[in-house]
Every structure is written in structure tokens, then in C-alpha cells.
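Summary of the model geometry
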Amino acid sequence: MQPEIKRLIELQAVDSELTRLRARLIAFPQQLAEIDKRLAEGKQHLAASKESLTASLKDRKKYEMDVDAWKEKAKKYREQSFTVKTNEAYKALQHEIEHAEKEVAQAEDRLLARMVDGEQFDRDVKSSEHDLKELERAAGADRQKLQAEQAALQNELEAKQAQRGPLAAAIPEALLATYERVAARHHGIGAAAVLNQACSLCGLRVVPHVFQLLRRDGSSEIFQCETCSRILYYVEPPPAEAAAAGAPATSPDTTTAADATTQDG
Ligand SMILES: [Zn+2]
């Protein structure tokens, strides 16, 4: 194999790693944002519970005042009823007293209902506080784990990037430009091995003449796949695979070769 093609394959391996690392790194901001979102929801839930409790306490105060006010009125009418001179005035006051007592009873009912609600709101606030604490603990741990992973991947990325520079510099400019142009169109893969006399990535058959030249040591020509434009290179099949081609199917070597092929694919 030509040395520049060998370097190109090494470069492609580094580029594939870079693509993989970048794809993983791109996911982190979203994952971190999701943690923040969960926390914000927990906080919002607690705030809503507290608001309900406050509103319920406010209502309770108001109903307590209603009870007191109507009791006061009833008391006042009762006192007045001892001093009135006419039957009519007495009757009117009795009517007012009845009305005030009805209002007292209704206000007391409302107050009681509010007190029962208030207990529930109180429990809600406590459970929301507990949930938020749990959420904060989990979010802290998740964030720490993600940030550690992110930093490790970032380091790996920087190391690979540093590795890429000298590799790329050792490849002839024109070949590198072709590779990069093709790679940009094919998800970062600009070179393809020839397997079974065909481009391993698009499957196009390589014409025999080109195949011979690709196999020949010391050939300096560069060939691109006619369909996908990838720079073609030939690799000798591993010995097991070569042997398997001519060996009976029951040979243990065949199994190994088949397994290796499956893993490669
Ligand atoms: Zn191809």
C-alpha cells in the first residue's frame, strides 16, 4: 500500500473518532438543560403549594373575622331586644338575630372547610419540600457525572485533534483536499477499502484493471470510486479469511473468519 494512502487511512480513523466524540459532546448541553428543567419544575411545584397554603390561611382569617363579626351583631341585637318598647320592634330584632346566627353558622362551616383544606395544603408543602430536596440531590449527582463525562470526552477530543495535525500534514495536499471534499459529502468518510473487488461502502464493482493496480505494490496512482467518489484502497484479507475461501465450510477457521466478518460489519 502507498504510504500516503496508509496515512490517509490513519487520518480517517482519527476523523471517525473525532466525529464520534463531537456527536457525543453535542448532547451534553441538552442533557444538562433537562436537569435544570426538572429542578425548575420542582421549585415551581413548591411555590404553587406554598401559594395555595397562603391563600387558604388568608381565607381562614377572613372567615374567622366573619364569624366574630356576625356573633358580635347577634349579641348587639339581643341586648337591644331587652330594651325595646314595642312588640313590632322586638319581632324585627328577633328576625335580625336569627339572620345573624344563620350567618355565624355558615361562616363557621366555611371556616371548618378551610381548616380541613389547610391541613392538606400544609401536607402538600411539606411533600413538595421533600421532593425538591430529593430532586436537588439527584440533580447535583447527575450534573457532576455528566460534567465529568463531558470533560473526559473533551480531553479525548483535544488529544485526537492534536494527533490529526501531523497526520494531515504528512499527506500530499491534493490527496488531502480530495479526501476532505469527499468526506464532507459522506459523513466524514472519504476513503473506502475494496473488498471482494467492490467499493466496501457503496458496493460498486471495481473494474479488473483498476483492481490489479490497487493491489500492486509500488503503484502511485490514486483511484476514486466511480459512484461515491471515495478514495479506494486495497487491503489483503486476513489469512483466516483467505484460507476459508478455499477450505471446507466445517473447518474451525471458517467459523472464526465468519465471526470476524460479522464483527467488522
Ligand atoms: Zn463507492
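Above this text sits the structure in question.
What counts and what doesn't
- Residues numbered from 1 in each chain as written.
- Predicted model: local features only at pLDDT ≥ 70, side-chain atom pairs only at ≥ 80, totals over all residues.
- Heavy atoms only, no water.
- Donors = N, O, S within 2.8 Å, 3.2 Å for Na, K, Ca; no water.
- Tetrahedral: all angles 85-135°; square planar, octahedral: opposite > 155°, others 65-115°.
- Helix = DSSP H or I, 4+ residues; strand = E, 2+ residues; numbered from the N terminus.
- Salt bridge = Lys/Arg side-chain N within 4 Å of Asp/Glu carboxyl O.
- Buried < 20%, exposed > 50% of the residue type's maximum accessible area, 1.4 Å probe, protein only.

On to the coordination of the zinc ion, then. For a metal with four tetrahedral donors the ideal donor-metal-donor angle is 109.5 degrees, while six octahedral donors give ideal angles of 90 or 180 degrees. Bound to the zinc ion are the protein donor atoms Cys199 (SG), Cys202 (SG), Cys225 (SG) and Cys228 (SG), situated 2.2 to 2.4 Å from the metal. Note that the zinc ion binds 4 donor atoms; their angles at the metal cover 96 to 119 degrees, and the shape is tetrahedral. The sequence pattern describing where the donors of the zinc ion fall on their chain is C-x2-C-x22-C-x2-C. Here Cys202 is found in the loop between strand E2 (198–199) and helix H5 (208–215), whereas its partner Cys225 is found in the loop between H5 and strand E3 (231–234), with 23 residues between them in sequence.

In this structure the tally under the stated criterion is 16 salt bridges. The shortest N-O distance in the salt bridge between Glu134 and Arg137 comes to 3.4 Å. Of this pair, Glu134 and Arg137 both sit in helix H3 (residues 87–169), 3 residues apart, which is roughly one turn of the helix. Look at Arg137 and you get exposed, because its relative accessible area is 53%. One connected set of salt bridges, linked through shared partners, spans Asp15, Arg164 and Glu180.

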